[in-house]
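# Analysis of the macromolecular model
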Amino acid sequence: MSAPEPKNFEPKEPVQLAPPRDDPITLEELAAADGRDPNKVYVAIKGTVFNVSGNKSYLPGGSYHIFAGKDGSRGLAKSSVNATDAVPQWSDLGEKEKGVLNDWYTFFSKRYNIVGKIPGGANL
């Protein structure tokens, strides 16, 4: 039995990312970046805030708009787009779901600029 193929999270087209920032972003600031203004759309994963502006999927009517303006770690871990799952609490999930969440974090970190952190939001 051979080792499993490593997951490839590299984007199809190279992305020039700015250095990650760790500016504190409040939940109110995050909520304001919910896609109503297409120039400022944020999604947080495990308390890290990514700028997803420019991706129409996070705008109103888009397939992932449920995650815009919030930390939807639980929903990402569960591969769910239900509003009840788009919440930050993830520490009680099973190892498989935590692995899925870590994969999403890696996926985002290779495509979107990190613009800040939610104080106390890393391990909910």
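Cut-off values and rules
Residues numbered from 1 in each chain as written. Predicted model: local features only at pLDDT ≥ 70, side-chain atom pairs only at ≥ 80, totals over all residues. Heavy atoms only, no water. Phe/Tyr/Trp six-rings, centres within 6.5 Å; stacked < 30°, edge-to-face > 60°. Helix = DSSP H or I, 4+ residues; strand = E, 2+ residues; numbered from the N terminus. Buried < 20%, exposed > 50% of the residue type's maximum accessible area, 1.4 Å probe, protein only. Lys NZ or Arg CZ within 6 Å of the ring centre and 35° of its normal. Salt bridge = Lys/Arg side-chain N within 4 Å of Asp/Glu carboxyl O.

On to the packing of aromatic side chains, then. Two aromatic rings, taken as a pair, are described by how far apart their centres are and by the angle between their planes. A full pass over the atoms with the stated rule returns nine aromatic pairs. Look at Phe50 and Tyr105: their rings are 5.5 Å apart centre to centre, the planes differ by 75°, and that puts the pair in the edge-to-face class. Taken together, the residues Phe50 in strand E2 (residues 48-51) and Tyr105 in helix H3 (residues 95-109) connect sequence positions 55 residues apart. Pairing Trp104 with Phe107 gives two aromatic rings, centres 5.6 Å apart and planes at 80°, and the pair type is edge-to-face. On the criterion of helical spacing, the pair formed by Trp104 and Phe107 is a turn pair, its members being three residues apart in helix H3. Under the relative-accessibility criterion, Phe107 is labelled partly exposed at 27%. Every member of this aromatic cluster is reached through a ring pair, and the members are Phe50, Tyr58, Tyr64, Phe67, Trp104, Tyr105, Phe107, Phe108 and Tyr112. The ring of Trp90 has Lys46 lying over it, and the distance from NZ or CZ to the ring centre is 5.2 Å.

The next thing to look at is the pattern of salt bridges. Scanning all chains against the criterion turns up four salt bridges. Between Arg21 and Asp23 there is a salt bridge, with its nearest N and O atoms 2.3 Å apart. Arg21 gets classed as partly exposed once you look at its relative accessible area, which sits at 47%. Here Arg74 and Asp92 are joined by a salt bridge, their closest N and O atoms 2.8 Å apart. Pair noted here: Arg74 is in helix H2 (residues 73-77) and Asp92 is in the loop between H2 and H3, with a separation of 18 residues, a long-range link. Given the relative accessible area of 57%, Asp92 is considered exposed.

It is worth stressing that arrangement in space is one thing and function is another; only the former is reported here.
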